[in-house]
Amino acid sequence: MTDLILHHYPMSPFSEKVRVMLGYTQQPWLSALTREMPPRPLMEQLAGGYRKIPVAQIGADIFCDSRTIAAEIAARSGRPELALENCSAEVQAYVAKVDLDVFFACILAGGSKKLNQKVRQTMSWLDIARFFWDRINMGRKASVKIVGLREARPKALEHIAQVEQRLQQDFLFGPQPNHADFSTYHSLWFIRDLGESRMINSFPKTIAWMDRMKAFGHGMCREIDPQQALEIAKNATPRPIAAEHRTDPLIGKKVRIAPADYGQVPSEGTLAGSTPAQWILAREVKGLGTLHVHFPKPGFMLTPV
Ligand SMILES: N[C@@H](CCC(=O)N[C@@H](CS)C(=O)NCC(=O)O)C(=O)O
């Protein structure tokens, strides 16, 4: 099986969602580190305009958003419950909330001196300034309302109290983890493990569940030079797309696909496939050949060019 390459950075919560999923499934993976903010020229070659992190790569197939990455991990590990589209409507509605509103509440509430110190140890002052400038702009241009600084802490605490109440078994929706556990974990990891905040201390079941999640680790990971990822893409051809996924009237037409919520930079190419859960965009990239870029349908917009 061709290794999965994860393009990520250590402090990225959504990357942590995927790293822990890779640990849980004991999938071997290759780690390609990227910067905390654009410009990311290498990522642009692979994914087009899509600017969020993480992005995964398997040969010449590129997976944008933790959702398509999770679907891939689910298929490779034989654990269908890790793909959100295989979960119940209740779980899907829960994840839609925790991966957006709750995520922002936790990020804003989780800021701490310890986090600042960690940021200072890994980024230059110039990059810190660039980082804040980038995120302020991203927030301003977002098409969804992002929680305000003052509401963030009560909202995060309300969420943690609900998690505490939900935890009647080892995992949030039963005795085994599903997609929702990983979606919930990454924001709380930001608060507890990165920020070293005490916000979660008075929630014992949540702490015990977080420890169980953390114990999955990050699996069998080997760091590569991101340039190697380009070589791998160049030497691979995208996976074939089944005939039943090539029936959409827009197949073969030029389209743009972009997130509908924030960081809405589109990727442009030719629509090559449309499954119930994903769009697949074919992009011709100088020096790399044809790449297939996979996007989830929920939360994304497709516009014919
Ligand atoms: N819906 C996306 C959200 C990804 C996301 O917001 N990632 C953050 C980092 S954790 C990001 O991309 N921030 C802007 C950036 O890194 O440029 C997913 O599930 O992957």
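(A) A look at the site of the ligand. Around the ligand, the structure places Ser12, Pro13, Phe14, Met37, Arg51, Lys52, Ile53, Asp65, Ser66, Arg67, Asp99 and Gly263. The set of elements that each furnish at least two residues to the shell around the ligand consists of α1 (13–25) and α3 (65–77). By residue number, the principal contributor to the shell around the ligand is α3, which donates three residues.

(B) Fine view of helix α7 (residues 149–166). Under the 1.5 Å per step criterion, the end-to-end length of α7 is 26 Å for 18 residues, consistent within 8% with the ideal 26 Å. Looking only at α7, the buried set comprises Ala156, His159, Ile160 and Val163. The arc that holds every buried residue of α7, seen down its axis, measures 100 degrees, which confines them to one face. The exposed residues of α7 that point more than 90 degrees off its buried face are Arg150, Glu151, Pro154, Glu158 and Gln165.

(C) Summary view of helix α8 (residues 179–194). Over its 16 residues, α8 extends 22 Å from the first C-alpha to the last, a length consistent with the 22 Å expected when each residue adds 1.5 Å. In α8, a bend of some 40 degrees at Leu188 exceeds every other bend along the element. Burial analysis of α8 places 14 of its 16 residues in the buried class, the great majority of the element. After α8 finishes, the residue Glu196 shows a positive phi value of roughly 50 degrees.

(D) Structural view of the domain arrangement of the chain. Annotation of the chain at the domain level lists domain 1 (4–80 + 221–304) and domain 2 (88–214). Computed over C-alpha atoms only, the centres of domain 1 and domain 2 are separated by 23 Å. Contacts between the two partners involve 17 residues from domain 1, matched on the other side by 22 residues from domain 2. In terms of residue class, the side of domain 1 that touches domain 2 is made up of eleven nonpolar, two polar and four charged.

(E) How the structure looks around the pairing of strand β8 (residues 278–285). The pairing of strand β7 (residues 267–274) with β8 spans four bridges and is antiparallel. When the sheet's bridge partners are listed, Leu271 is paired in β8 with Leu281.

(F) Focus on unusual backbone geometry. In the segment running from Pro38 into Pro39, the intervening peptide bond is cis, with an omega of 5 degrees. Cis geometry is adopted by the peptide bond preceding Pro54, which originates at Ile53 and carries an omega value of 10 degrees. Tracing the chain through its elements places Pro54 in the loop between α2 (41–47) and β3 (55–58). In this structure, Gln26 takes a positive phi of about 55 degrees despite not being glycine. Secondary-structure assignment places Gln26 in the loop between α1 and β2 (28–33).

(G) Structural context of the sheet that holds β8. An order of β5-β2-β1-β3-β4-β9-β8-β7-β6-β10 is seen for the ten strands of this open sheet, with the pairing classed as mixed. Sheet topology places β5 (220–223) and β10 (300–304) at the edges, where each strand pairs with a single neighbour. For this sheet, the mean inter-axis angle between neighbouring strands, taken without regard to orientation, is 35 degrees. By the bridge criterion, three bridges tie strand β4 (residues 61–64) to strand β9 (residues 289–296) in an arrangement that is parallel. Residue pairing in the sheet places Ile62 in a bridge with Val293 of β9. Its contacts with the sheet place α3 against β1 (4–8), β3, β4, β8 and β9, and it is angled at close to 105 degrees to β9. The strands touched by helix α10 (residues 226–234) are β1, β2, β3 and β9; relative to β2, the strand with the most contacts, the crossing angle is about 120 degrees.

So, how was this worked out
- Residues numbered from 1 in each chain as written.
- Predicted model: local features only at pLDDT ≥ 70, side-chain atom pairs only at ≥ 80, totals over all residues.
- Near = placed C-beta within 6 Å.
- Helix = DSSP H or I, 4+ residues; strand = E, 2+ residues; numbered from the N terminus.
- Expected span 1.5 Å × (residues − 1).
- Buried ≥ 20, exposed ≤ 12 C-beta atoms within 10 Å, placed from the backbone.
- Arc of directions from axis to C-beta.
- Bend = angle between axes of the 7 residues up to and from the residue.
- Domains from an automatic or database assignment.
- Contact = placed C-beta atoms within 7 Å.
- Nonpolar A, V, L, I, M, F, W, Y, C, P; charged D, E, K, R; others polar.
- Pairing = 2+ DSSP bridges.
- Axes fitted to C-alpha atoms, helices over the stretch in contact; angles between N-to-C directions.

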